[in-house]
Amino acid sequence: GAVVSQHPSWVICKSGTSVKIECRSLDFQATTMFWYRQFPKQSLMLMATSNEGSKATYEQGVEKDKFLINHASLTLSTLTVTSAHPEDSSFYICSPGQGASLNYGYTFGSGTRLTVV
Amino acid sequence: GENVEQHPSTLSVQEGDSAVIKCTYSDSASNYFPWYKQELGKRPQLIIDIRSNVGEKKDQRIAVTLNKTAKHFSLHITETQPEDSAVYFCAASGGTASKLTFGTGTRLQVTL
């Protein structure tokens, strides 16, 4: 249970363009989705938390107008990196909130390697 | 908010030896402590976890201990093998739908 599908697995884009990353929960309903970013040789840092049907909550220092999050349904959350720059190159990974029982622990999408050139 | 510190940042052991990685956390409300193994370019893989109502948990060669009073938890890997080489992260959360706060990671290298 608690399978999350994340796409694309890797993307290369030009500076100034936008990239959308999708995370779909396949066998359960995710009311919450955590979005993490991991720079090379560093830890996973939470960027924002998306909630189905409401505005996302952003961590300090993360620009909400640059990293647009949409959580329109219980099975889909998206992260759009707008006007991407080389410093946005990173590994982006989603993780759904598990609800009250934590039966499945935390699961993660397979990650998206973004390279901005 | 929660702050998780992890030591050491790198660890090299010989095959067959034990490896210990230690973490401390700051938020006494945290009650769930997972450990992840991450290989290059891959998602973190849960290897073991412990909840605050348990002091120790073991799964074959891997064990985790938790000291709630001191806010410490540790990962123990015995009889290390080359395939144990990876980056390991500890994490802490308040459970339910709470976010995970990760430690800084430990690069473990098991040499022959």
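Residues numbered from 1 in each chain as written. Chains lettered and ligands numbered in written order. Predicted model: local features only at pLDDT ≥ 70, side-chain atom pairs only at ≥ 80, totals over all residues. Heavy atoms only, no water.

Caption draft 1: The overall build of chain A, seen in detail. Per the secondary structure count, chain A includes 0 helices and 10 strands. On the principal axes, the C-alpha backbone points of chain A span a range of 40 × 25 × 25 Å. Every one of the 117 residues in chain A was classed for burial, and the buried ones make up 50%. Surface exposure of chain A reaches about 5,600 Å², of which carbon and sulfur atoms provide 52%. Here chain A contributes 9 positive and 8 negative side-chain charges, whose respective centroids are spaced 5 Å apart. (Helix = DSSP H or I, 4+ residues; strand = E, 2+ residues; numbered from the N terminus. Buried < 20%, exposed > 50% of the residue type's maximum accessible area, 1.4 Å probe, protein only. Areas by Shrake-Rupley, 256 points an atom, 1.4 Å probe, with all protein chains shown as cover. Lys, Arg positive; Asp, Glu negative; His and termini not counted. Charge placed at Lys NZ, Arg CZ, Asp CG, Glu CD.)

Caption draft 2: Up close: the interface of chain A and chain B. If you look at the interface, chain A gives 24 residues, while chain B gives 20 residues. Interface area, chain A with chain B, both sides summed: about 1,700 Å², of which 56% is carbon and sulfur. Glu59(A) is the partner of Lys99(B) in a salt bridge, and the nearest nitrogen-oxygen pair spans 3.2 Å. The interface formed by chain A and chain B contains 7 residue pairs in polar contact (both at pLDDT 80 or more). Elements with a contribution of two residues or more to the side of chain A that touches chain B: β4 (32-38) and β9 (90-96) of chain A. Broken down by element, the side of chain A that touches chain B gets its largest block of residues, 4 residues, from β4(A). (Contact = heavy atoms within 4.5 Å. Buried area = accessible area lost by both parts, 1.4 Å probe. Salt bridge = Lys/Arg side-chain N within 4 Å of Asp/Glu carboxyl O. Polar contact = N/O pair within 3.5 Å; in protein donor to acceptor, adjacent residues only side chain to side chain.)

Caption draft 3: Layout of the sheet that holds β9(A). All names here are of chain A. Within the open sheet, the 6 strands sit side by side as β2-β10-β9-β4-β5-β6. Their pairing is mixed. Strand pairing shows two members of the sheet lacking a second neighbour, β2 (10-13) and β6 (54-58), which therefore form its edges. Along the sheet, successive strands turn relative to each other by an average axial angle of 20 degrees, direction set aside. Examined bridge by bridge, β4 and β9 share 6 bridges and lie antiparallel to one another. Looking across to β9, one finds that Met33 is bridged to Pro96. (Pairing = 2+ DSSP bridges. Axes fitted to C-alpha atoms, helices over the stretch in contact; angles between N-to-C directions.)

Caption draft 4: Broad picture of the sheet that holds strand β1 (residues 4-7) of chain A. Residue and element names in this part refer to chain A. Strand order in the open sheet made by the 4 strands is β1-β3-β8-β7, with antiparallel pairing throughout. Edge positions in the sheet fall to β1 and β7 (67-73), since each of these pairs with one other strand and no more. Here the average twist between neighbouring strands, direction ignored, is 15 degrees. Where β7 lies against strand β8 (residues 76-81), 5 bridges are found, and the strand directions are antiparallel.

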